[in-house]
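Each chain, written out:
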Amino acid sequence: MAKHPVSLKVNGDDYDLLIEPRKTLLAVLRDTIGLTGTKEGCSTGDCGACTVIVEGKAVTSCMVLGVTASGKEITTIEGLASDGELHPVQQAFINTGGYQCGFCTPGFIMASKALLDENPERSEEEFRHALGGNICRCTGYTKILEAVLKAAEEVQTSA
Amino acid sequence: MKGFEFFEPTTLAEASRLFAQEHAQLLAGGTDLVIGMKALTETPQSVISLQKIPGLDGITTEGDGISIGAMTKVREVELSADIQNHHTALAEGASEIGSIQIRNLATIGGNIAHASPAADTVAGLLVADAQVDIASADGERSVAIDELFTGPGQTVLAPGEIITRFRLPSPASGSHYIKHKIREVMDLAFIGVAAAVNLDNGTITDARIGLAAVAPTPIRATEAENLLRGNELTAELLQQAGEAAAAAASPISDLRCSAEHRKEMVDVLTRRTLQEAVARA
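About the criteria used
- Residues numbered from 1 in each chain as written.
- Chains lettered and ligands numbered in written order.
- Predicted model: local features only at pLDDT ≥ 70, side-chain atom pairs only at ≥ 80, totals over all residues.
- Helix = DSSP H or I, 4+ residues; strand = E, 2+ residues; numbered from the N terminus.
- Rg over C-alpha atoms; globule rule 2.2 N^0.38 Å.
- Buried ≥ 20, exposed ≤ 12 C-beta atoms within 10 Å, placed from the backbone.
- Contact = placed C-beta atoms within 7 Å.
- Expected span 1.5 Å × (residues − 1).
- Domains from an automatic or database assignment.
- Nonpolar A, V, L, I, M, F, W, Y, C, P; charged D, E, K, R; others polar.
- Axes fitted to C-alpha atoms, helices over the stretch in contact; angles between N-to-C directions.
- Parallel < 35°, antiparallel > 145°, perpendicular 65-115°, else oblique.
- Left-handed = near helix turned anticlockwise from the far one by under 90°.

**Some words on the overall build of chain A**
For chain A, the count of helices and strands is five helices and five strands. Taken over C-alpha atoms, the radius of gyration comes to 16 Å for chain A, in line with the 15 Å a tight globule of 159 residues would show. Over its C-alpha atoms, taken along the principal directions, chain A stretches across nearly 50 × 30 × 25 Å. Expressed as a percentage of its 159 residues, the buried residues of chain A come to 47%. Long-range pairs, those at least 24 residues apart, make up 59% of the contacts in chain A with a sequence separation of at least 6.

Structure, rendered in structure tokens:
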């Protein structure tokens, strides 16, 4: 099958690629570009491990064909820190121990980042509900939620 | 995933021509199709993306009515103030699909064209009395949402026909959707029930009830609606309406629940949605 030219802006860098239409955005990010911070969990959109931000919106990249992301701006976990400073969500996950094996962490952090960008003023219950698309099989949810609430506080006080 | 030819037409006519060919599939948000292609339950030879066709996306008001482009993301439907205020059942249904990450990808057109009897936006569209605009290379037509479905995964759409828009006429004064489920999020509906009512001094002047996942297609509970019209919502009438809605259901037993349970719950949930819709009216 013919490959298609695809131009992506990932974490501020431009990539001009030739990719097979059946490659998911997740596969393009990990295998073609080599950004392996984004994880493949269930590969059916249920676990959220592959969450990246496309044009400001959190999406499960395992459900996106790479060819349909052409021309779009994408942020992955590798693009969150700026000038050596971790993003408040990343720092909060470290400070509270919001990770165990770490496999779900990039997805949780990207989903949380998008939520904070949209509206950091959510109740604990609202954050819990809004993160329902991310699964932690170590079941470290208490610390994850603590981290997200802490980051939300941080983002609001520094705003 | 098997290989396929990928097309990104910029006009509906071109998309329709490509889609009319054999083994072709339309790609909207991809949340059903891409997963189906991975599971090899979908093995199209060509995939036609609707993303580059202008005019298929967005929510606009037209007088009393609201028009929702087929490529509008489910998340946008959920968060739209116009839909929340005037077609609350539809906004509630949209908010019940998958996760935020999925709702940022999934489109309302895809949710409907996939024709799952359990689709979460369908009951809200049924009680909004939505018209479905359809385009093909031969022209355009429009069908009522309750005439769109012919069976599980089946619609009246002919090869090459593409849903472009949902047009919602002037809204009912109150509506509500309940999804019967086990998990808070990321669950499929055991049953979906929506109700929309207009009231005049406590008398129900119009009532619509939409049922999902309780028949081969989503359905309106027309007998229950007829009982309600012209009357005040007494406890007795509520009970009769619930029973009439349950009688309209012809559910199956599956791993989620038994047919008997579904029928019983249609009765219960019809009463609950009606009470809430009336309270909001």
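**Considering helix α10 (residues 235-248) of chain B**
All names here are of chain B. Given a rise of 1.5 Å per residue, 14 residues ought to cover 20 Å, and the 20 Å separating the end C-alpha atoms of α10 matches this to within 8%. Every buried residue belonging to α10 is among Ala 241, Gly 242, Ala 244, Ala 245, Ala 246 and Ala 248, and all of these are buried. Where α10 is buried, its residues contact β13 (203-212), β14 (219-220), α9 (222-228) and α11 (259-280).

**Side note on the domain arrangement of chain A**
Residues and elements named next belong to chain A. As far as domains go, chain A holds domain 1 (4-79) and domain 2 (88-158). Computed from C-alpha atoms alone, the centre-to-centre distance between domain 1 and domain 2 is 21 Å. On the side of domain 2, 13 residues touch domain 1, which itself brings 14 residues to the contact. Looking at the side of domain 1 that touches domain 2, the elements that each hand over two or more residues are β3 (51-54) and β4 (57-60). Broken down by element, the side of domain 1 that touches domain 2 gets its largest block of residues, three residues, from β3. Within the side of domain 1 that touches domain 2, the residues separate by chemical class into seven nonpolar, five polar and two charged.

**Side note on the domain arrangement of chain B**
Residue and element names in this part refer to chain B. In terms of domain boundaries, chain B breaks down into domain 1 (5-49), domain 2 (59-168) and domain 3 (176-280). Distance between the C-alpha centres of domain 1 and domain 2: 19 Å. Counting residues at the interface gives 13 residues for domain 1 and 15 residues for domain 2. Of the residues forming the side of domain 1 that touches domain 2, the biggest block, six residues, is contributed by helix α1 (residues 12-19).

**Section: the packing of helix α2 (residues 88-96) of chain A against helix α3 (residues 105-118) of chain A**
What describes two packed helices is the angle between their axes and the distance between those same axes. Residue and element names in this part refer to chain A. One way to put it is that α2 packs onto α3 with a least axis distance of 9 Å and a crossing angle of 130°. The orientation of α2 with respect to α3, classified from their angle, is oblique. Viewed along their axes, α2 and α3 form a crossing whose handedness is right-handed. The segment α2 lies against α3, with Val 89, Gln 90 and Phe 93 engaging Thr 105, Ile 109, Ser 112, Lys 113 and Leu 116. Among the residues forming the contact of α2 with α3, the class breakdown is four nonpolar, three polar and one charged.

**Things to note about the packing of α10 of chain B against α11 of chain B**
Residue and element names in this part refer to chain B. Where α10 meets α11, the axes come as close as 8 Å, and the angle between the chain directions of the two elements is 135°. Relative to α11, α10 is oriented oblique. For the element pair α10 and α11, the recorded crossing hand is right-handed. Of the residues in α11, those in contact with Leu 238, Ala 241, Gly 242, Glu 243, Ala 245 and Ala 246 of α10 are Lys 263, Val 266, Asp 267, Val 268, Thr 270, Arg 271, Leu 274 and Gln 275. Among the residues making up the contact of α10 with α11, the classes are represented as seven nonpolar, three polar and four charged.

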